[in-house]
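Overview (structure and organization)
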Amino acid sequence: MNYLMRRLAAFPLVLLGVSILVFVAIRMVPGDSITAMLGTEAGLLTPAQRDALAAYFGIDQPWFVQYWRWIGGILHGNFGISVTYGRPVLDVILERFPLTLELAVLSMVIALAVGMPAGIFAATHNEKPSDLGVRVVAMIGQSTPSFVLGLLIIYTLSAGFGVLPAMGEFAPLWQDPLRNLSQLILPAVTLGFAFAASVTRISRSAMLDVLSDDYVRTARSKGASARSVIWRHALPNALIPVVTLSGIEFGYLLGGAVIVEQIYALPGLGRMVLDAIQQRDYALVQGSVLFVAFNFMIVNLLVDLAYVALDPRIRLGEQ
Amino acid sequence: MRVLRAIFGHGSGRIGGVIVGVYVIIAILGLLGLTPHNPITQYRIDRLHAPDSAYWMGTDLFGRDVASRLMAGIGQSFTVAFFSVAVATLAGTVLGLAAAWLGRRWDGVVMRIMDVLLAFPAILLALLIVTVAGPGTWTSVVAIGIVYTPIFTRVVRGPALSLKAREFVDAARTFGSSSSYIVTRHLLLNLVAPLTVQVTLALAWALLTEAGLSFLGLGTQPPAASLGLMLSDSRNLMETAPWLMIFPGLTIMVSILGFNLLGDALRDILDPRMRRAPA
């Protein structure tokens, strides 16, 4: 409990750091957001109109006033107005987030469903040709960048089968589940492949470690079946590294998969941040980076708490 | 020498070592301009020429030789990867050693700053830095270097803390060794093994991040060649000229594979605790 309190107490400090970093960084991008927003039309604005727009978005004030207002607003649930969308930042983020979340969950499901059985299989067939096969595939998977795999998938589909991945207007899960799945399955496979490879490798090595432990040998010598030894005795203890890895990967995926979203033309969080940075949409960049960092920290905390659930001997916060 | 021999005695180390060696040679040739054709010369008559004996990997939309551009691109990518990992290793080692050795407030401040950097998804942080400084090779070096600094800081700080508490460090202090002597001789030398493993694996990530940045148009700028950019440009032509996608894709993949294999082998060799447990 103490540990949880201390971890939660560190949240505001880290988020404060993130907020300062992103606030300063985005203001160092050359050019101003009004010109970026209006393009050549910005030249048609009279100085008075430009000032009025700047005042509307709050970017006419000195930086410390802007920062103070921004932080004060966040404490009241107001993340500011996006210059590009002309709407509250939080609304824009929450509109994009379900896709990113769904993509992250799907990729993780694929990764665990493929990676864990493959890793366990390899561990129980250690040093046999089938183990070598799994390891080679996992090594290749881990070395395949998502953008290479994504393009290969699209190419294979279009050249081999004459079909293209479902693109076009994105259908949210609750409106059209089938269309939604058909749009997200290939991006999820693209992201899940390398993820599955990492899960395979880590579950194999964790399983091998555990299988050589005394208690597993004892269980075996007492006549426990191979299945029971693996599933009841070894697997729960081999899960900790798998949980760590999956948690970290999942946390990163929640930040948006910029490149995969770009390849499959998906309106996710990653592409939104990329566009916002290029548009110098201060409020949107600041808000979304803070949002992503917060999610990442929550996921990390959940991973730590999962250790305790998996292994009651672990007491968090002790050296 | 002993490590080299061990690498070549290790199955995946041998393959990884050969792959990395071949890439380094190609990178040097690419950087020196020793390519079959000039990588930016446009042979307009031979646009989108399929691979043959004149153009081993075909030509692109502008009639530029893909093989030569790949060689130049490997040179470019490796330059970014090596320098950015050098930046991260240097900064991370200095910060990690300082945090561990000075302890207390220094440790707290350094590690909280690293927490802030780690709370950013790597590619977003790199994107932000590149947009601030303007895209280009050296910006990529700095961006990727900063992104990976916290990882090196952690890799150094943990073991450095436990080394600091060891008896030989106390003994060195008793004999009157200066702090800088203890930190460089006793701490740093003992950290060479974990750092070597980390550097090799970080090179794989750096190659991946560099390719990702240039894929998004934020890395090396055209007409200079870069693997990510070549791959990105291939998207609209993948049906008419699949070689434009396949060769750069395979090139990136195999280079990352090489560093991963080498990193795995080094971990087995340098850290006996990580050796595979017998079943």
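Values in this document were obtained by computation on a predicted structure and should not be read as measured data.

Digging into the overall build of chain A
- Scanning chain A from terminus to terminus reveals 13 helices and zero strands.
- Written out in order from the N terminus, the α and β elements of chain A read α-α-α-α-α-α-α-α-α-α-α-α-α.
- For chain A, the spread of C-alpha atoms along the three principal axes comes to 85 × 60 × 35 Å.
- Out of the 319 residues in chain A, the part that is buried amounts to 38%.

A few points about the interface of chain A and chain B
- Contacts between chain A and chain B engage 41 residues on the former and 35 residues on the latter.
- At the level of secondary structure, the elements contributing two or more residues to the side of chain A that touches chain B comprise α1 (2-28), α6 (129-142), α7 (146-161), α8 (177-211), α11 (258-263), α12 (269-278) and α13 (282-310) of chain A.
- Across the side of chain A that touches chain B, the residue classes tally to 29 nonpolar, 11 polar and one charged.

Structural notes on the packing of α1(A) against helix α4 (residues 104-118) of chain B
- At their nearest, the axes of α1(A) and α4(B) sit 9 Å apart, and the two run at 65° to each other. By the angle between their axes, α1(A) is roughly perpendicular relative to α4(B). In the packing of α1(A) onto α4(B), the handedness of the crossing is right-handed. Here Leu13(A), Val14(A), Gly17(A), Val18(A) and Leu21(A) of α1(A) come into contact with α4(B), specifically with Arg112(B), Ile113(B), Asp115(B) and Val116(B).
- Among the residues forming the contact of α1(A) with α4(B), the class breakdown is six nonpolar, one polar and two charged.

Looking at helix α4 (residues 63-75) of chain A
- Counted at 1.5 Å a residue, the expected span for α4(A) with its 13 residues is 18 Å, and the 18 Å between its end C-alpha atoms agrees.
- The first or second residue beyond α4(A) is Gly77(A), which carries a positive phi of 80°.

Points about the confidence of the model for chain B
All names here are of chain B.
- Overall, the prediction assigns chain B a mean pLDDT of 89, with 97% of residues at 70 or greater.
- The weakest mean pLDDT in chain B belongs to helix α5 (residues 122-133) at 84; the strongest belongs to helix α3 (residues 66-102) at 95.
- For the stretch residues 274-279, pLDDT sits under 50, and the model shows 13 contacts to residues farther than four places along the chain or on other chains.
- Scored as a complex, the prediction yields pTM 0.88 and ipTM 0.87.

A closer look at the packing of α3(B) against helix α11 (residues 243-270) of chain B
Residues and elements named next belong to chain B.
- Two numbers describe how α3 lies on α11: the axes approach to 11 Å, and their chain directions differ by 30°. Considering the angle they form, α3 stands roughly parallel to α11. Crossing of α3 against α11: the hand is right-handed. Residues Val66, Leu70 and Ile74 of α3 lie in contact with α11, whose contacting residues are Trp243, Leu244, Phe247, Pro248 and Thr251.

What to know about the environment of Tyr264(A)
Residue and element names in this part refer to chain A.
- Here Tyr264 is to be found in the loop between α11 and α12.
- Classification of Tyr264 as buried rests on a count of 22 C-beta atoms within 10 Å.
- Here the alpha-carbon distance between Tyr264 and Pro117, two residues 147 residues apart in the chain, equals 29 Å.

Considering unusual backbone geometry
- Following Pro222(B), the chain continues to Pro223(B) via a peptide bond in cis, the omega torsion being 10°.
- Position of Pro223(B) relative to the elements: it lies in the loop between α9 (192-215) and α10 (227-233).
- With a phi close to 50°, Ala265(A) is a non-glycine residue in the positive phi region.
- With respect to the helices and strands, the residue Ala265(A) is situated in the loop between α11 and α12.
- A positive phi is found at Arg280(A), a non-glycine position, where the angle reads about 55°.
- By the secondary structure assignment, Arg280(A) is in the loop between α12 and α13.
- Overall, the presence of 23 C-beta atoms within 10 Å leaves Arg280(A) in the buried class.

What counts as what
Residues numbered from 1 in each chain as written. Chains lettered and ligands numbered in written order. Predicted model: local features only at pLDDT ≥ 70, side-chain atom pairs only at ≥ 80, totals over all residues. Helix = DSSP H or I, 4+ residues; strand = E, 2+ residues; numbered from the N terminus. Buried ≥ 20, exposed ≤ 12 C-beta atoms within 10 Å, placed from the backbone. Contact = placed C-beta atoms within 7 Å. Nonpolar A, V, L, I, M, F, W, Y, C, P; charged D, E, K, R; others polar. Axes fitted to C-alpha atoms, helices over the stretch in contact; angles between N-to-C directions. Parallel < 35°, antiparallel > 145°, perpendicular 65-115°, else oblique. Left-handed = near helix turned anticlockwise from the far one by under 90°. Expected span 1.5 Å × (residues − 1). pLDDT = per-residue confidence, 0-100.

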